[in-house]
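Observations on the three-dimensional arrangement
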Amino acid sequence: MEYSDDLPETPDLPLEIIVYILSFLPASDRKEASLVCRSWYNASQDLRFQRNVTFSFPASAASLALVRGLAKKPRCSLKISQLDGFSISRSLLTEVGLCLGSKVDSLALPGSSLTEASLLDLLPRLTSLRRLDVRGLDSLFMSGAFLSREEHRRQVRSALSGLEELDLSDLRYLSDLTFTRLTSCTPRLRRLSLAGCHIAFEFDPYRGSPVGAVEDSSALLSLRNLRRLLTEQSSTLKALDLSRTSITPESLRIIAQVQDLVLEELHLQGCRELTDYSVEVLIKHQPKLLKLDISGCTGLTSRSVEAAARGLESLTHLSLSGDWRITEKGLAELLSVSSLLSLDLSECLHISGVELVKGLKGSDTAKAKLEALSLRSCTYLRDPAVFSLAQLLGDSLRELDLTSCINVTDVSVYAISAYLQKLEVLRLGWCKEVTDWGLLGMGQRSESEPDEEMGDKGPRFTRTFGNMGFFKPPRMPFEERPKLLTQNDLQQFRQQAGASLLALRRLRELDLSACAKLTDSSVTQVIHFPDLQRLSLSMLPELTDASLASVGRRCRSLTSLSLSHCPGITDRGVAQAAPYLQRLQHLYLSCCNNITDR
């Protein structure tokens, strides 16, 4: 096409219009669009796009220029790693305080060994801080002298009076005295995390204090001091994380019964001493919980599930991962909680899905509209249950994890492709019976099956899923090596629109790791997702460069690609795919023995 000088110039759009247009794009596409011209870049920096953006960088001389550049932004969140007591770290924190002091919303300091003096010099300058993450920062609390001077507490209190989230996870040296000093500077907390902290939960009912504790002098944070904080800030505190602590049933009861405390979110992951009775007491006294994580609490049984179903009418997120004593009992009742959006049953070894289906099929109009469901390592799960769940959750489910469900076959993949077309995350790793036929949405014929169907012998799968009805799962010869696809089969796939994996147009993440029966035949035909960001094809021995080249051309939004243990991948495949994967941030090629220095 030839361009003429007489053509009128395109008028500049107002910034508000460009911002509105960019609001329809995912973050990765907005980043690409911001490189087009100055006005598009300015539009991409609108505050609505920066609310959940965190700038992560290590303590180094190069980071000084980055901090100065961030001064142009109205608000920012920072994650600074590898801080220590040397001059570079001190200079960087000074620059953050001078250039960004009133603009920092959130500050995280992971993997650091910061000195008390450096942090006390910075905190008074962060007058708009809403979230502070000092997890694992033992160097700050080891001496027990942090905030010991009234002058320092007054300065920090004036800056952190609006702090809403405080993360003190994995601190080995958090004492009663230090905890009291720090939390006295943060009077309006909404979220507090003490996950992995050493907390003294031994409680003396006669003294009302931990056994052996002296007022504000315990070397460990005590239950008495924690209860004091919960009482003082009960009007604002809504989320508490006590995961990986040694909390006892009696301690949980004391926390749940704190006067005027109304928790909406509670995390108790890996608290192995908890019992069903303690969970029942918790739910009785905290019925407004929206999110409850009791994963890895191996002493819990289905009694806890039944208690949650009956007592938490507004529950939205429930995690039971790794609670291996839990059975199907109570799951049907749980899915009658209409507010439930996310359910994690991974590694619940006795779950078959039958009660989940029963609960969703109930005649009661109130039933859960799940958006996320994890059944990872539920080895009793089979195709009929997956098919029914796909039918019943087709309008709502966005994330499905069937990793290591070893009895899931192509039939489940057919159902997922046909009914769950709003899926954004699908994990089928280690589902070893999934084959090319499942991804392509084509019924595999046995060697004795004639090319043309001979009469009606009752309901069964046809070669294309689009024209069939489900009555019962078909018999498929998975005991034998799957029949290889021929060119005629692939031609038929292209001509007839069945329910192949191509139907899942909204996918952002796909995991097919260790589905060892998959080959280039299906990968090159169905993994065509322009918006896909994360893809794992690890441990697929039949995969070759043809698949990698196809993925490069068809999935250009990938930020993470895993091809570990794929012996068929060579330098040639990487060279063919690389020019198309401009957004790639993580590439895993371990144990690909045909990849060389080239």
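The rules behind each value
Residues numbered from 1 in each chain as written. Predicted model: local features only at pLDDT ≥ 70, side-chain atom pairs only at ≥ 80, totals over all residues. Heavy atoms only, no water. Patch = residues over 30% accessible without salt bridge, like charges linked within 9 Å, V, L, I, M, F, W, Y side chains within 5 Å. Areas by Shrake-Rupley, 256 points an atom, 1.4 Å probe, with all protein chains shown as cover. Salt bridge = Lys/Arg side-chain N within 4 Å of Asp/Glu carboxyl O. Helix = DSSP H or I, 4+ residues; strand = E, 2+ residues; numbered from the N terminus. Buried < 20%, exposed > 50% of the residue type's maximum accessible area, 1.4 Å probe, protein only. Contact = heavy atoms within 4.5 Å. Phe/Tyr/Trp six-rings, centres within 6.5 Å; stacked < 30°, edge-to-face > 60°. Axes fitted to C-alpha atoms, helices over the stretch in contact; angles between N-to-C directions. Parallel < 35°, antiparallel > 145°, perpendicular 65-115°, else oblique. Left-handed = near helix turned anticlockwise from the far one by under 90°. Nonpolar A, V, L, I, M, F, W, Y, C, P; charged D, E, K, R; others polar. Lys, Arg positive; Asp, Glu negative; His and termini not counted. pLDDT = per-residue confidence, 0-100.

1. Re a nonpolar patch on the surface
Together, Leu13, Ile17, Tyr20, Ile21 and Phe24 line one region of the surface with nonpolar side chains, adding up to about 540 Å² of accessible area. Within the element layout of this structure, Phe24 appears in the loop between helix H1 (15-22) and helix H2 (27-33). For Phe24, a relative accessible area of 59% gives the class exposed.

2. Remarks on helix H16 (residues 354-361)
Two residues of an α-helix separated by three or four positions point the same way, owing to the 3.6 residues in each turn. The complete set of buried residues in H16 reads Glu355, Leu356, Val357, Gly359 and Leu360. Tucked inside the fold, the buried residues of H16 contact helix H15 (331-334), strand S15 (342-344) and helix H17 (383-392).

3. A short note on the packing of aromatic side chains
According to the stated counting rule, one finds 3 aromatic pairs in the structure shown. Between the aromatic rings of Tyr20 and Phe24, the centroid separation amounts to 5.1 Å while the plane-to-plane angle is 90°, which identifies the pairing as edge-to-face. When the centroid spacing of 5.5 Å and the interplanar angle of 70° are considered together, the rings of Phe141 and Phe146 count as edge-to-face. Taking relative accessible area as the criterion, Phe146 reaches 2% and is therefore assigned buried.

4. Focus: the packing of H16 against H17
Interaxial distance between H16 and H17 falls to 9 Å at its minimum, and their mutual angle equals 30°. Classified by the interaxial angle, the pair formed by H16 and H17 is roughly parallel. The crossing of H16 and H17 is left-handed. Taking contact as the criterion, the partners of Leu356, Val357, Leu360 and Lys361 in H16 are, on H17, Ala385, Ser388, Leu389 and Leu392. Taken together, the residues of the contact of H16 with H17 sort by class into 6 nonpolar, 1 polar and 1 charged.

5. Side note on unusual backbone geometry
The phi torsion at Glu347 lies on the positive side, around 65°, for a residue other than glycine. Summarising the element assignment, Glu347 is placed in the loop between S15 and H16. Although it is not a glycine, His565 adopts a positive phi angle of roughly 60°. Counting through the fold element by element, His565 comes out in the loop between strand S21 (560-562) and helix H23 (571-577).

6. Some words on the packing of helix H10 (residues 176-183) against helix H11 (residues 223-232)
At their nearest, the axes of H10 and H11 sit 10 Å apart, and the two run at 10° to each other. For the element pair H10 / H11, the angle class is roughly parallel. Contact residues: H10 offers Asp176, Phe179, Thr180 and Thr183, while H11 offers Arg224, Asn225, Arg228 and Leu229. Residues of the contact of H10 with H11, tallied by class, amount to 2 nonpolar, 3 polar and 3 charged.

7. Things to note about the side chain of Asp511
Tracing the chain through its elements places Asp511 in strand S19 (residues 509-511). Of the side chains with opposite charge, Arg427 lies nearest to the buried Asp511, which makes no salt bridge, at 5.7 Å. When neighbours within four sequence positions are excluded, Asp511 is seen to be in contact with Leu426, Arg427, Leu428, Gly429 and Ser536.

8. Focus on the confidence of the model for the chain
Looking at the chain, the pLDDT average stands at 87 and 85% of residues meet or exceed 70. Long-range and interchain partners of residues 204-215, a stretch whose pLDDT sits below 50, account for 20 contacts in this model, where long-range means more than four residues apart. Contacts from residues 445-482, a stretch scored under 50 in pLDDT, to residues over four places away or in other chains number 56 contacts.

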